[in-house]
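Structural description and commentary
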Amino acid sequence: MEFYPAIEKSGIQDIRTFQEHKLQELLTYLEAHSPFYQKLFKENNINLADIQTLEDLQKIPTTTKNDLQQYNHDFFCIPPDKIVDYSTTSGTLGDPVTFGLSDNDLERLAYNEAISFACAGIQKGDVVQMITTIDKRFMAGLAYFLGLRKMGASVVRMGPGIPELQWDSIFRYKPKYLITVPSFLLKMIDYAEKHGLDYKNSSVYGAVCIGESIKNQDFTDNILSQKIKEKWNIKLFSTYASTEMSTAFTECEFQIGGHHHPELIITEILDDNGNPVPEGENGELTITTLGVEAIPLLRFKTGDIVKAHDEPCQCGRNTMRLGPVVGRKQQMIKYKGTTLYPPAMNDILNDFSTILCYQIVIQSNEIGLDEIIIKLSTEQEHETFVNEVRDHFRAKLRVSPKIEVIDFDILSKTVFNPNSRKPITFIDLR
């Protein structure tokens with residue numbers, strides 16, 4: 001298998017022509033097999049012969065996560081006996097959304113991760129330690145394993161948490177790369193320092209970071225990334241993916257955004273009215289999956305606000321690159337005239353080494369306005385520390401949220417819920 005696809009280094013027009021051909025194949029498949037899109041085409045009088053170019057996609061209504069949840073079964077294009085794996089993702093209305101994958105979908109998923117890891121520099125024969133769950137109907141953990149296996153890497157399936165066991169595994173199997181939530185690296189460093197482990201001379205060269213941003217919008221290291229590298233000089237690679245996309249955008253060695261794989265997905269960046277944003281502006285990532293059998297998606301609005309970067313990369317790929325996620329559209333907060341997204345608040349809280357854990361809670365007050373409550377645990381003297389955190393918020397974001405100091409044993413049970421795949425640092429009660 002080719003882990004450096006030629007299409008990604010082809011000319012812009014060649015990539016466009018290639019994608020338009022793939023789009024035709026997808027539309028034909030949806031018209032034949034998808035109850036949801038058959039109904040959508042009929043209700044909107046869409047003649048597929050009119051959809052020839054990428055721009056023509058705008059003639060088709062977008063699909064939302066609410067659609068996926070409300071009509072989940074109608075998105076399936078294959079019978080139940082062709083489903084090899086079931087995964088779920090959180091739904092906007094509370095219940096999870098079910099995704100099925102066929103045998104070919106699992107092959108596609110493995111290919112996606114293989115070329116994504118190759119983009120980050122992982123090679124055949126490298127040992128990679130997975131510090132992420134592979135169970136609980138979690139697609140990403142399965143995808144990582146399948147991709148690493150396909151590219152000929154050796155996998156150490158450690159699962160999340162327990163720094164002691166992670167270090168035991170590192171010193172025992174000498175992995176070159178880790179796959180992890182980046183904030184957990186700080187816990188590993190803290191454990192290593194407290195127990196006299198020579199972590200700086202370990203085998204680890206780099207980490208593929210999932211679930212949390214490690215970059216500012218200009219691709220400089222954010223506070224979380226800086227704190228890790230100050231202690232442990234390893235390479236950190238960003239990656240962005242979702243269950244709905246079954247596709248990843250992963251950084252190459254030049255680390256200026258996650259590369260688009262044109263053979264797997266069509267991307268649009270749309271404004272609030274559903275129109276393409278001007279070049280260089282933020283908008284909602286909207287995707288069309290290519291080559292998916294079970295639940296292909298057409299113009300699916302991810303809810304993630306991002307910026308596209310189209311200038312050629314030094315690695316030779318001419319594909320579009322995604323910058324760090326600005327925030328989730330549904331998590332946008334209007335607070336006393338200021339528009340905020342949780343990642344901006346995460347950066348501020350990560351700036352304090354004495355915060356043991358935290359949770360941002362958004363709720364509506366009695367007059368219907370957004371209210372921000374920062375729950376945190378710290379070993380410092382409370383009143384002085386709270387004022388320091390509040391002043392930092394005022395200086396950086398021009399807002400002053402309510403801050404509650406909570407005992408670590410109590411707050412940590414909410415943040416590190418064993419039933420959750422990653423730390424619950426944001427709760428929206430609106």
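The name an unreviewed UniProt entry assigns to the protein chain is AMP-binding protein, from the organism Chryseobacterium endalhagicum.

Counting 40 residues, the largest nonpolar core has F41, I60 and L298 as its most contacted members. Secondary structure elements with two or more residues in this core: α1 (12-33), α2 (35-43), β2 (97-101), β10 (265-270), β11 (283-289) and β12 (300-306). For F41, the contacting residues outside a window of four places in its chain are L27, L30, E31, I46, L48, I60 and L298. Core analysis: the second largest hydrophobic core is formed by 23 residues, F3, A114, V208 and I210 among them.

Okay, the sheet that holds strand β8 (residues 247-251) next. Strands sit in the order β4-β3-β5-β6-β7-β8-β9-β14-β13 across an open sheet of nine strands; the sheet is mixed. This sheet does not close on itself; its edge strands, each paired only once, are β4 (154-157) and β13 (308-309). Bridge count for strand β7 (residues 235-242) against β8 is four bridges, and the pairing is antiparallel. Directly across from S242, in β8, lies its bridge partner T247. Most of the contacts of helix α7 (residues 182-194) go to strand β5 (residues 177-180), to which it runs at about 115°, and overall it touches β5, β6 (206-209) and β7.

Right, let's talk about the sheet that holds strand β19 (residues 370-378) for a bit. Strand pairing in a sheet relies on backbone hydrogen bonds. The paired strands run either parallel or antiparallel. Taken together, the four strands give an open sheet; going across it, the order is β20-β19-β18-β21, and neighbouring strands pair in mixed fashion. Every other strand in the sheet has two partners, leaving β20 (402-405) and β21 (426-428) as the edge strands with one partner each. Pairs of neighbouring strands in the sheet enclose a mean axial angle of 20°, with direction left out of account. Sheet topology places strand β18 (residues 355-364) next to β19; nine bridges connect them, and they run antiparallel. In the sheet register, Q359 faces β19, and the bridge partner there is K375. Taken strand by strand, helix α9 (residues 342-350) contacts β18, β19 and β21, and its axis lies near 150° from that of β18. Across the sheet, helix α11 (residues 408-415) is in contact with β18 and β19; its angle to β18 comes to roughly 65°.

As a packed pair, helix α4 (residues 103-119) and helix α5 (residues 139-151) sit with axes 7 Å apart at the nearest point and diverge in direction by 70°. Put simply, α4 runs roughly perpendicular to α5. Contact residues: L106, E107, L109, A110, Y111, E113, A114, F117 and A118 in α4; M139, L142, A143, Y144, L146, G147, L148, K150 and M151 in α5. Grouping the amino acids of the contact of α4 with α5 by side-chain chemistry returns 14 nonpolar, one polar and three charged.

This part covers the state of the cysteines. Within this structure, the stated rule accounts for zero disulfides. For the unlinked cysteine C119, the closest cysteine sulfur is that of C252, found at 5.2 Å.

Before going further, it helps to examine unusual backbone geometry. In this structure, K174 takes a positive phi of about 55° despite not being glycine. Within the fold, K174 resides in the loop between α6 (163-173) and β5. Backbone geometry at F219 places phi at a positive 75°, although glycine is not the residue there. With respect to the element layout, F219 can be found in the loop between β6 and α8 (223-231). On the basis of relative accessibility, which here comes to 15%, the residue F219 falls in the buried class.

Calculation notes
Residues numbered from 1 in each chain as written. Predicted model: local features only at pLDDT ≥ 70, side-chain atom pairs only at ≥ 80, totals over all residues. Heavy atoms only, no water. Core = buried A, V, L, I, M, F, W, Y, C linked by side-chain atoms within 4.5 Å. Buried < 20%, exposed > 50% of the residue type's maximum accessible area, 1.4 Å probe, protein only. Helix = DSSP H or I, 4+ residues; strand = E, 2+ residues; numbered from the N terminus. Contact = heavy atoms within 4.5 Å. Pairing = 2+ DSSP bridges. Axes fitted to C-alpha atoms, helices over the stretch in contact; angles between N-to-C directions. Parallel < 35°, antiparallel > 145°, perpendicular 65-115°, else oblique. Nonpolar A, V, L, I, M, F, W, Y, C, P; charged D, E, K, R; others polar. Disulfide = S-S within 2.5 Å.

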